Amino acid sequence: MQPKRAEVRIVDEKILSDDWYSLKKYTFDIQRRNGDWQQQTREVYDRGNGATVLLYNRERETVILTRQFRFPVFMNGHEGYLIEAAAGLLDNMDPERRIKAEAEEETGFKISTVQKVFEAYMSPGSVTEKLYFYIAEYDAGDKTSAGGGIEAEGEDIEVLEMPLKDALAAVENGLIVDGKTIMLLYHVALKVILRGYDE
């Protein structure tokens, strides 16, 4: 299937918030599949693109995850602490370089090689962010610090090492509910641990 580009005409753009990141309200005309034009209005949150990586040990069948407080999910009724793969915004850096630095900041593991597996939009109805997904093998010798993130940025990250089977069970029982992490866990389970990974 070939990509299809939308026919869109921007009519109006208003800044609703420009504090941490940008929230704008757009009015636009879009051509429907039948050829008619329809005017619509959407709010769009632009926080830049990001990257995420799941560290795994093929021999031991373990993964490195993090646990940290996420205020938006707390406001949606969750306990607040999410178990996640390491991730961060690109901040104008190359995705591969950025995710290596982020993995070391959050987990304490210095990874020299990462493997990109795919790109995905995580909330395309309202957020512009595209996420670059990576996996990387680790062993005990890659641990160079305690990790934990950057305190000045409000990070207080717990580093978790767990068997992949336990992480997958945590998805099924609702302990792991972060979308990017679920995607990477199943990718590693299906493509790496169970079948072997084709370079």
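These numbers come from a predicted model, not from an experiment.

**Re the overall build of the protein**
Here is step 1: In terms of regular secondary structure, the protein is built from 4 helices and 10 strands.
Here is step 2: Mapped from its N terminus to its C terminus, the protein presents α and β elements in the order β-β-β-β-β-α-β-β-α-β-β-β-α-α.
Here is step 3: Seen through its principal axes, the protein has C-alpha atoms that stretch 60 × 40 × 35 Å.
Here is step 4: Classification of the 199 residues of the protein by burial places 37% in the buried group.
Here is step 5: Put simply, 56% of the contacts in the protein that link residues at least 6 apart link residues at least 24 apart.

**Here we look at helix α4 (residues 179-193)**
Here is step 1: With 15 residues, α4 should reach 21 Å at 1.5 Å per residue; the first-to-last C-alpha distance of 20 Å fits that figure.
Here is step 2: All of the buried residues in α4 are Lys180, Thr181, Leu184, Leu185, His187, Val188, Ala189, Val192 and Ile193.

**So, the UniProt feature "short sequence motif: Nudix box" (unreviewed entry) in the protein**
Here is step 1: In this structure's numbering, the residues bearing the UniProt feature "short sequence motif: Nudix box" (unreviewed entry) are residues 88-109.
Here is step 2: The annotated region residues 88-109 carries 59% helix and 9% strand content, and the separation between its end C-alpha atoms amounts to 15 Å.

**Description of a nonpolar patch on the surface**
Here is step 1: On the surface, a nonpolar cluster with roughly 570 Å² of combined accessible area is contributed by Phe69, Phe71, Phe74, Met75 and Tyr81.
Here is step 2: As for its position among the elements, Phe71 is in helix α1 (residues 71-75).

**Brief notes about unusual backbone geometry**
Here is step 1: The phi torsion at Asp91 lies on the positive side, around 50°, for a residue other than glycine.
Here is step 2: Its place among the elements puts Asp91 in the loop between β7 (86-89) and α2 (95-107).
Here is step 3: Judged by relative accessible area, Asp91 falls into the exposed class, the value being 53%.
Here is step 4: Of note in the backbone geometry, Asn92 takes a positive phi value of approximately 65° without being a glycine.
Here is step 5: If you trace the backbone, Asn92 turns up in the loop between β7 and α2.
Here is step 6: For Asn92, a relative accessible area of 85% corresponds to the exposed category.

**Re the environment of Met122**
Here is step 1: Of note, Met122 is situated in the loop between β8 (115-121) and β9 (130-137).
Here is step 2: Considering only alpha carbons, one finds Met122 and Lys180, 58 residues apart in sequence, at a separation of 7.9 Å.
Here is step 3: With residues near it in sequence (within four places) discarded, Met122 still touches Glu129, Leu131, Phe133, Gly179, Lys180 and Met183.

**With respect to the side chain of Asp29**
Here is step 1: With respect to the helices and strands, Asp29 occurs in strand β2 (residues 22-31).
Here is step 2: A relative accessible area of 14% means that Asp29 is categorised as buried.
Here is step 3: In this structure Asp29 touches Glu7, Val8, Arg9, Val11, Trp37, Gln38 and Gln39, once residues within four positions along its chain are discounted.

The rules behind the values
- Residues numbered from 1 in each chain as written.
- Predicted model: local features only at pLDDT ≥ 70, side-chain atom pairs only at ≥ 80, totals over all residues.
- Heavy atoms only, no water.
- Helix = DSSP H or I, 4+ residues; strand = E, 2+ residues; numbered from the N terminus.
- Buried < 20%, exposed > 50% of the residue type's maximum accessible area, 1.4 Å probe, protein only.
- Contact = heavy atoms within 4.5 Å.
- Expected span 1.5 Å × (residues − 1).
- UniProt positions renumbered as here; feature names shortened; annotations may be inferred.
- Patch = residues over 30% accessible without salt bridge, like charges linked within 9 Å, V, L, I, M, F, W, Y side chains within 5 Å.
- Areas by Shrake-Rupley, 256 points an atom, 1.4 Å probe, with all protein chains shown as cover.
- Salt bridge = Lys/Arg side-chain N within 4 Å of Asp/Glu carboxyl O.

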